[in-house]
2 protein chains.
Amino acid sequence: MSLRYSILGLLARTPSTGYELTQMFDRSLRTSWHASHSQIYPELAKLEHAGLVEVIGRGPRRSKTYGLTNPGREELRRWLVEAEPDRAQRNESSVRLFLTNLLDPTDRRTAYERDLSHVEKELEELKGVRRQLQDEGGAEVFAPQVELGIRVDTVIRDWLRERIEDAAP
Amino acid sequence: MSLRYSILGLLARTPSTGYELTQMFDRSLRTSWHASHSQIYPELAKLEHAGLVEVIGRGPRRSKTYGLTNPGREELRRWLVEAEPDRAQRNESSVRLFLTNLLDPTDRRTAYERDLSHVEKELEELKGVRRQLQDEGGAEVFAPQVELGIRVDTVIRDWLRERIEDAAP
DNA sequence: CGCATCATGTAAGCTGTTACATGATTAT
DNA sequence: ATAATCATGTAACAGCTTACATGATGCG
């Protein structure tokens, strides 16, 4: 159900086209929920059918801008506050971090180094976003979420550095 | 593919029955990858067919203990070291953490407090596991992973506390 | 003997991925 | 013109969930 509510959540902030939602999933939500356009367009159609979103404008190239309806806003609120969260996770990176310890020291080091450079890159990106938000000076709703991403990535980065040092001669 | 490799990873440590694997997914891997028995049994059958695991013993109640074959061990290594990681995430808790900021202050507080008590519980559990490992004194392979879980949960806990304080009068 | 738990499986339906397909608009 | 990117969709297949189904063993 997260796809559905992620879409409602993004539309709660700004009315958007399916194409724009696809980009937002790639940018803001990529560390929470991944979705591609082939899933987003059909889901938007279902949500419209259910009366939770509606087309509030049409632009060039047959683009349709969707916005939340009041029932949509209420349904999002209900899910966030009242629905029992599904804590089940499915995170390949985390599986890898878990299993990498089974490798021999050389392979382990290779794997951890690859992960480290990825996390370092992601950290830089997030810090870039934070800087941008600070420069804009506005009260961006998702600023704390960016901060959380930075802190989590920092913890992972430091842990990876320790693992690599432990493996050193 | 993570299910497949998670199973290979667990079997690399200890030969196990499908039932035992189901429990391990629930305990050790629950923060990385969730899987239920209805997925695990068919996957074991596929892995056996592919020659990556084999039945190395039979116990009471028709139980079958599976172990890794050499090709299985090699395939696990290949995946961990050579395969390009899929970084896409799909984590409902994270979606909730992200979208909760859209709620009005009262609802937001409710949602964050529910999350906080969940994380605090999970943290206590992980610290219990760490204590156990220390008491055993052995060199448990997954001790660093437990440590990482504790650090990540600590960061999330502190972030949630800040969010709740920010919302306070 | 009855209940809990161990233990394994299957099937229908939903969710997600990859690939295919098409057309509109803008920039060079 | 033509290439890039904007923009929306569909279809086949793989992965996952929920529910159904069955039987064995150990304990009180």
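Here, the structure is the one placed above.
Procedures and definitions
- Residues numbered from 1 in each chain as written.
- Chains lettered and ligands numbered in written order.
- Predicted model: local features only at pLDDT ≥ 70, side-chain atom pairs only at ≥ 80, totals over all residues.
- Heavy atoms only, no water.
- Contact = heavy atoms within 4.5 Å.
- Buried area = accessible area lost by both parts, 1.4 Å probe.
- Salt bridge = Lys/Arg side-chain N within 4 Å of Asp/Glu carboxyl O.
- Polar contact = N/O pair within 3.5 Å; in protein donor to acceptor, adjacent residues only side chain to side chain.
- Helix = DSSP H or I, 4+ residues; strand = E, 2+ residues; numbered from the N terminus.
- Pairing = 2+ DSSP bridges.
- Near = heavy atom within 4 Å.
- Nonpolar A, V, L, I, M, F, W, Y, C, P; charged D, E, K, R; others polar.

Peer 1: What is the right way to read the interface of chain B and chain A from this model?
Peer 2: Many analyses report the size of an interface as the accessible area lost when the parts associate. At the junction of the two partners, chain B supplies 58 residues and chain A supplies 58 residues. Overall, the association of chain B and chain A removes approximately 6,200 Å² of surface from exposure, summing both partners, and the carbon and sulfur fraction of that is 59%. It is R87, R90 and F98 of chain B that lose the most area in chain B upon contact with chain A, and together they represent 12% of the buried surface on that side. Seen at the junction of chain B and chain A, the total is 6 salt bridges. Our count for the contact surface shared by chain B and chain A stands at 34 residue pairs in polar contact (both at pLDDT 80 or more). Counting only elements with at least two residues in the side of chain B that touches chain A, the list comes to α1 (2-13), α4 (70-81), β3 (89-91), α5 (92-99), α6 (105-136) and α7 (143-167) of chain B. Per-element accounting of the side of chain B that touches chain A gives the leading share, 10 residues, to α7 of chain B. Sheet topology note: the strand β3 (residues 89-91) of chain A/β3 of chain B ladder contains 3 bridges and is antiparallel. In the sheet register, R90 of chain A faces β3 of chain B, and the bridge partner there is R90 of chain B.

Peer 1: Help me understand the protein's contact with DNA strand D in this model?
Peer 2: Taken together, 21 residues are adjacent to DNA strand D, and Y19, H37 and R61 of chain A together with S38 and Q39 of chain B come closest. Measuring from a phosphate oxygen of DNA strand D, one finds a backbone N or O atom of G18 of chain A at 3.4 Å. For the surface near DNA strand D, the element with the most residues is helix α3 (residues 37-49) of chain A, which contributes 4 residues. When the residues that make up the surface near DNA strand D are grouped by side-chain class, the tally is 6 nonpolar, 9 polar and 6 charged.

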